[in-house]
Amino acid sequence: MAKRKDRKVVVRKNYTADSKRKVNKTVKANRKYKDTVFRMLFSDRNNLLSLYNAVNGSNYEDPDALEIVTLENAVYMGMKNDLAFIVDTGLFLYEHQSTYNPNMPLRDLFYISGEYQKLVNHKSLYSSVLQKLPAPNFIVFYNGSEREEDCWTNYLSESYENLAGEPNLELKVLTLNINEGHNPELMEQCQILREYAQYVAKVREYAREADLDTAVEQAVNDCIQNGILAEFLRKNKSEVIAMSIFEYDKEEEERKLREAEYEAGYNSGKREIIRLMYNAGESVEKISKYTGYEVEELENLLKEFRI
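Residues numbered from 1 in each chain as written. Predicted model: local features only at pLDDT ≥ 70, side-chain atom pairs only at ≥ 80, totals over all residues. Heavy atoms only, no water.

Chemist: Hey, could you run me through unusual backbone geometry in this one?
Modeler: Peptide bonds are trans in most cases, and residues, glycine excluded, mostly fall at negative phi. For Asn 183, which is not glycine, the phi dihedral falls at a positive 45°. When you line up the elements, Asn 183 lands in the loop between strand S9 (172-177) and helix H4 (184-189). One non-glycine residue, Leu 229, adopts positive backbone phi at about 50°. Looking at the element boundaries, Leu 229 is found in the loop between helix H6 (212-225) and helix H7 (230-235). (Helix = DSSP H or I, 4+ residues; strand = E, 2+ residues; numbered from the N terminus.)

In structure tokens, the structure reads:
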């Protein structure tokens, strides 16, 4: 591949100064929001440039051409938005997710609005001169366990109710699966991303056999011994352990919440079927056969329905 000439790359990072603090023996847990290992890794300009090159098939070489600036107040549900950066005339929003989230287009709509507000001179919006904007690109790096595809695209229009014809406002988000075994070409092009996937796999492997605190520490030590993110983990061991425990807990909580939501919807649907079947004159015995409820349970439900 022919090398592209290095150009200045402006990166807007959505984190405040406390994420740059030195790691002490006791990790501060009372932060206003939580950082992630992914964000911490790719806040390094060399790593971010490597990831950008891998995703876009480019070959920028000079990390000093990348300028990191701060974007404040980009916080969603206690978690900071990850990385927003400008390359030439394109604006890229990178987000890491450990659980599948179909609402990323809507979230990115809020993020990109905030970015554009900072880039545009508001007074000039009333002039006759067309304001030029960097074209947006939205990518999610997913390492959850709910979906197996290498990549997929979500659209903002999927959220619209009663949409007729083409949407007047659209936003699409590309998701790349960064679990081990997925997108091998991307992993080959970005060594840090590949090693991050190996680290996450180690945490999950050990968490199946030990308590989470033990599993994370074991995974960190194992990776250091085997040269996986070794320098990064040695330098930031205490904070990485704290962040990984938080991330894994959050992932498990969200998974359980989704299961509870599904179960609640499933049970609600079954109760409606019971009501409709009974009102249609079906016997309690037949309703029991089709719904799996015991006759006694059904009789209690019918009393609850005041039928």
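Still more to cover.
Chemist: I tried to follow the nonpolar core on my own but got confused; where do I start?
Modeler: Nonpolar side chains in soluble globular proteins generally cluster together in the buried interior. Core analysis: the biggest nonpolar cluster contains 47 residues, and Tyr 94, Leu 193, Tyr 199 and Leu 233 have the highest contact counts within it. The dominant element in this core, judged by the number of residues it contributes, is helix H5 (residues 191-207), at eight residues. Those residues in contact with Leu 233, other than ones at most four positions away along the chain, are Tyr 199, Val 220, Cys 223, Ile 224, Ile 228 and Val 240. (Core = buried A, V, L, I, M, F, W, Y, C linked by side-chain atoms within 4.5 Å. Buried < 20%, exposed > 50% of the residue type's maximum accessible area, 1.4 Å probe, protein only. Contact = heavy atoms within 4.5 Å.)

Chemist: Whenever I open this one, the packing of H5 against H6 confuses me. Can you help?
Modeler: How two helices sit against one another is set out by the angle between their axes and by the gap between those axes. Here H5 crosses H6 at 140°, and the two axes come no closer than 8 Å. Here H6 runs oblique to H5, going by the angle between their axes. You can see that H5 and H6 cross each other, and the crossing is right-handed. Residues Tyr 199, Lys 202, Val 203, Tyr 206 and Ala 207 of H5 lie in contact with H6, whose contacting residues are Leu 212, Ala 215, Val 216, Gln 218, Ala 219, Val 220, Asp 222 and Cys 223. By residue class, the composition of the contact of H5 with H6 is 10 nonpolar, one polar and two charged. (Axes fitted to C-alpha atoms, helices over the stretch in contact; angles between N-to-C directions. Parallel < 35°, antiparallel > 145°, perpendicular 65-115°, else oblique. Left-handed = near helix turned anticlockwise from the far one by under 90°. Nonpolar A, V, L, I, M, F, W, Y, C, P; charged D, E, K, R; others polar.)

Chemist: Any chance you could explain helix H3 (residues 104-119) here in plain terms?
Modeler: Side chains three or four residues apart in an α-helix point the same way, a direct result of the helix having 3.6 residues per turn. Along its 16 residues, H3 runs 22 Å from first to last C-alpha, staying within 8% of the 22 Å computed at 1.5 Å per residue. All of the buried residues along H3 are Met 104, Pro 105, Arg 107, Asp 108, Tyr 111, Ile 112, Glu 115 and Tyr 116. Buried residues of H3, seen end-on, are gathered within an arc of 165° and therefore sit on one face of the element. Looking at H3, the residues exposed on the side facing more than 90 degrees away from the buried face are Phe 110 and Gln 117. (Expected span 1.5 Å × (residues − 1). Arc of directions from axis to C-beta.)

Chemist: Explain the pattern of salt bridges here, please?
Modeler: Opposite charge on two side chains permits them to pair, given that their charged atoms come into close proximity. For the coordinates displayed, the defined rule picks out three salt bridges. With its nearest N and O atoms 3.7 Å apart, the salt bridge here joins Asp 222 to Lys 202. Within this pair, whereas Asp 222 is found in helix H6, its partner Lys 202 is found in helix H5, the two being separated by 20 residues in sequence. Judged by its relative accessible area of 14%, Asp 222 falls in the buried class. The exposure class of Lys 202 is partly exposed, given its relative accessible area of 22%. (Salt bridge = Lys/Arg side-chain N within 4 Å of Asp/Glu carboxyl O.)

Chemist: Even after reading the chapter, I still don't get the packing of aromatic side chains, so can you show me in this structure?
Modeler: Aromatic rings in a pair are described by how distant their centres are and how their planes are angled relative to each other. Evaluation of the coordinates by the stated rule reveals eight aromatic pairs. Their ring planes at 70° and their centres at 5.7 Å tell us that Phe 38 and Tyr 196 sit as a pair that is edge-to-face. In this pair, Phe 38 is assigned in helix H1 (residues 37-42) and Tyr 196 in helix H5, connecting sequence segments 158 residues apart. Owing to a relative accessible area of 0%, Phe 38 belongs among the buried residues under this scheme. Judged by relative accessible area, which is 1%, Tyr 196 ranks as buried. A centroid spacing of 6.1 Å and a plane angle of 65° characterise the contact between Tyr 100 and Trp 152, whose relative ring orientation is edge-to-face. Here Tyr 100, found in the loop between strand S6 (90-97) and H3, pairs with Trp 152, found in strand S8 (residues 151-155); they are 52 residues apart in sequence, far enough to count as distant. Like Trp 152, Tyr 100 is buried. Three or more aromatic residues joined by ring pairs make a cluster, and in this case those are Phe 38, Phe 42, Tyr 94, Phe 141 and Tyr 196. Cation over ring: Arg 147 sits above Tyr 100, and NZ or CZ is 4.7 Å from the ring centre. The cationic tip of Arg 147 hangs over the ring face of Trp 152; the distance from NZ or CZ to the ring centre is 4.1 Å. (Phe/Tyr/Trp six-rings, centres within 6.5 Å; stacked < 30°, edge-to-face > 60°. Lys NZ or Arg CZ within 6 Å of the ring centre and 35° of its normal.)

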